[in-house]
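The residues making up each chain are set out below.
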Amino acid sequence: MTNEYLLNIYENVKQKDKNEPEFLQAVYEVLNSIEPYVNEHPELESAGVIERFVEPERLITFRVPWVDDNGKVHVNRGYRVQFNSAIGPYKGGIRLHPSVNPSIMKFLGFEQTLKNSLTGLPMGGGKGGCDFDPRGKSDLEIMRFCQSFMTELFRHIGADTDVPAGDIGTGAREIGYMFGQYKRLKNEWTGVLTGKGLSYGGSIGRTSATGFGLCYFTNKMLEVMKNTTLEGKKVIVSGSGNVGIYAAIKAKELGATVVALSDISGYVYKESGIDLDLAREIKEAKRGLLSEYASIDKDCTFNPNPKLMWQVKCDVVLPCATQNEIDLEDAKAFVKNGVIAVAEGANMPCTLEATNYIIENKIAFAPAKAANAGGVMVSGFEMSQNSMRLAWTFEEVDEKLKAQMESIFMEVHECAKHYDNMYNTVLGANISGFKKVAAAMLAQGVC
Ligand code: NDP
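A quick note: this is a predicted structure, and the numbers were derived from the prediction, not measured. (Residues numbered from 1 in each chain as written. Predicted model: local features only at pLDDT ≥ 70, side-chain atom pairs only at ≥ 80, totals over all residues. Heavy atoms only, no water.)

A. Structural view of the packing of aromatic side chains. For the structure on display, the rule yields 17 aromatic pairs. Every member of this aromatic cluster is reached through a ring pair, and the members are F23, Y37, F53, F83, F110 and F434. Stacked on the ring of F132, the Lys or Arg K137 has its end atom at 5.2 Å from the ring centre. (Phe/Tyr/Trp six-rings, centres within 6.5 Å; stacked < 30°, edge-to-face > 60°. Lys NZ or Arg CZ within 6 Å of the ring centre and 35° of its normal.)

B. Geometry of unusual backbone geometry. Of note, N324 is a non-glycine position whose phi angle comes to about 55 degrees, a positive value. Positionally, N324 belongs in the loop between strand 10 (316–319) and helix 12 (328–337). With a relative accessible area of 29%, N324 lands in the partly exposed category. Backbone geometry at M348 places phi at a positive 50 degrees, although glycine is not the residue there. Summarising the element assignment, M348 is placed in the loop between strand 11 (341–343) and helix 13 (352–360). (Helix = DSSP H or I, 4+ residues; strand = E, 2+ residues; numbered from the N terminus. Buried < 20%, exposed > 50% of the residue type's maximum accessible area, 1.4 Å probe, protein only.)

C. Highlighting empty space enclosed by the protein. Within this structure, the stated rule accounts for 1 cavity of 30 Å³ or more. Estimates place the volume of the largest cavity at around 80 Å³. If you go around the largest cavity, the residues you meet are E29, E111, E344, M348, C350, T355, F365, P367, A368, K369 and V426. Here the residues of the lining of the largest cavity sort into 6 nonpolar, 1 polar and 4 charged. (1 Å grid on protein atoms, 1.4 Å probe; cavity = no way out; pocket = protein on both sides within 12 Å on 5 of 7 lines; lining within 4 Å. Points joined across faces, edges and corners; volume = space filled by probe spheres on them. Nonpolar A, V, L, I, M, F, W, Y, C, P; charged D, E, K, R; others polar.)

D. The arrangement of a nonpolar patch on the surface in detail. There is a patch of nonpolar side chains on the surface, built from V67, V73 and V75 and spanning about 240 Å² of accessible area. Relative to the assigned elements, V73 resides in strand 2 (residues 73–84). You can call V73 exposed: its relative accessible area is 52%. (Patch = residues over 30% accessible without salt bridge, like charges linked within 9 Å, V, L, I, M, F, W, Y side chains within 5 Å. Areas by Shrake-Rupley, 256 points an atom, 1.4 Å probe, with all protein chains shown as cover. Salt bridge = Lys/Arg side-chain N within 4 Å of Asp/Glu carboxyl O.)

E. Structural view of the pattern of salt bridges. Using the criterion set out here, one finds 26 salt bridges in the structure. The shortest N-O distance in the salt bridge between D139 and R173 comes to 2.6 Å. In this pair, D139 sits in helix 6 (residues 139–153) while R173 sits in helix 7 (residues 172–186), placing the two residues 34 residues apart along the sequence. Classification of D139 as partly exposed rests on a relative accessible area of 44%. Looking at R173, the relative accessible area reads 18%, which means it is buried. A salt bridge links K402 to E406; the nearest nitrogen and oxygen atoms lie 3.3 Å apart. With K402 and E406 both in helix 16 (residues 394–419) and 4 residues apart, the pair spans about one turn of that helix. Residue K402 is classed as partly exposed on the basis of its relative accessible area of 36%. Here E406 falls in the partly exposed class, since its relative accessible area comes to 22%.

This is how it looks when you write it as structure tokens:
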């Protein structure tokens, strides 16, 4: 990055937010890659667009007291970052995980702004969460926590203001409890949360949307950049949560063999392909661990270190667990093993060094904000269906998802080629997403 305007902005963010490494990492990556576009558009500097773009409109923090099954009171810290509303109401998931802090909230809200722009739907960027650990809690404890969380959050959100959704630790159960509490407090039924159950306004196809969308994007990327498809490829998937499980299922449907799958307990490897029905039953229905899978499927091997999965020989890598799970050493293993594509299902799973190494070595790379946009896209469909009081079929939703994921890939690809080269999809995604947000910010004046 050599542009003085961008360098000054980054220095300023670094000083103000020095204790926020994830946020700084995301800001650096974006500013660095939008540089050619900013150089062409001096009006962005005169209108102070980038200074405003890197500063969230609002960061709300609040106390979340709740009572466990033994009557003991606990207090967690809740967050909602309303990052950018230039192109629509804030939209982004709620993460429940002990690691949640302002840095992670801001990095996710910032990335979400660009991701939502890429979907082509009118949605701004937001994110929320709490440093609460849902693991090992009873249903009643989860319900009491969700009700308390919403008792504060409800005053900051609304169907035309801010529409939260699921993320790590927040699935259909948590969304249900939060929605129930919102409805009770507001005495109104609106599509204020997405990821709802099908019996109360949820969109069919939302649960699988991020994972399926990731594979549609990857297939198109392989077709255009490598003249092949997922058919016949060996795939490894990290994380067997909402994104990972459905990415694995769709990769298999498209003809690939998922040879390895991980969770926090380790990874399972099976040359002939993981039994995904079994993995899904253990992870989704029983909320169990893959170590249990290994005790049932005798043909697989189990390694208790999930990180070592990156050494497994394969063609396509789908990281779907968490941020910074792939570092430079892992990226070197991909090159050594002849990997042809890495597609990010999780948000920012590759460090900056890993991403650069992957791109430099001409592995087709699908950056998260484009490749995992399928979830928020179908959330956008859910908002439309709620407003229209309609319910589309799975086929309608899946067809729209596939078409739109392919179209996002083509937009990113053309932009990468225009400003640099086809492997620089990070630049392609960042500039494509940023252009629309910047145009809206310019049109709306200083606000
Ligand atoms: P879930 O909580 O459903 O799943 C996360 C999975 O990752 C779990 O299986 C967890 O293991 C596993 N995991 C966590 N840390 C590690 C690790 N270090 N190594 C291996 N596995 C690990 O979350 P989601 O699937 O919803 O989200 C995953 C990622 O995708 C996040 O970055 C999220 O922001 C992003 N994302 C999610 C979307 C969605 O629609 N849900 C949309 C767009 C992005 P265990 O099961 O043992 O806890």
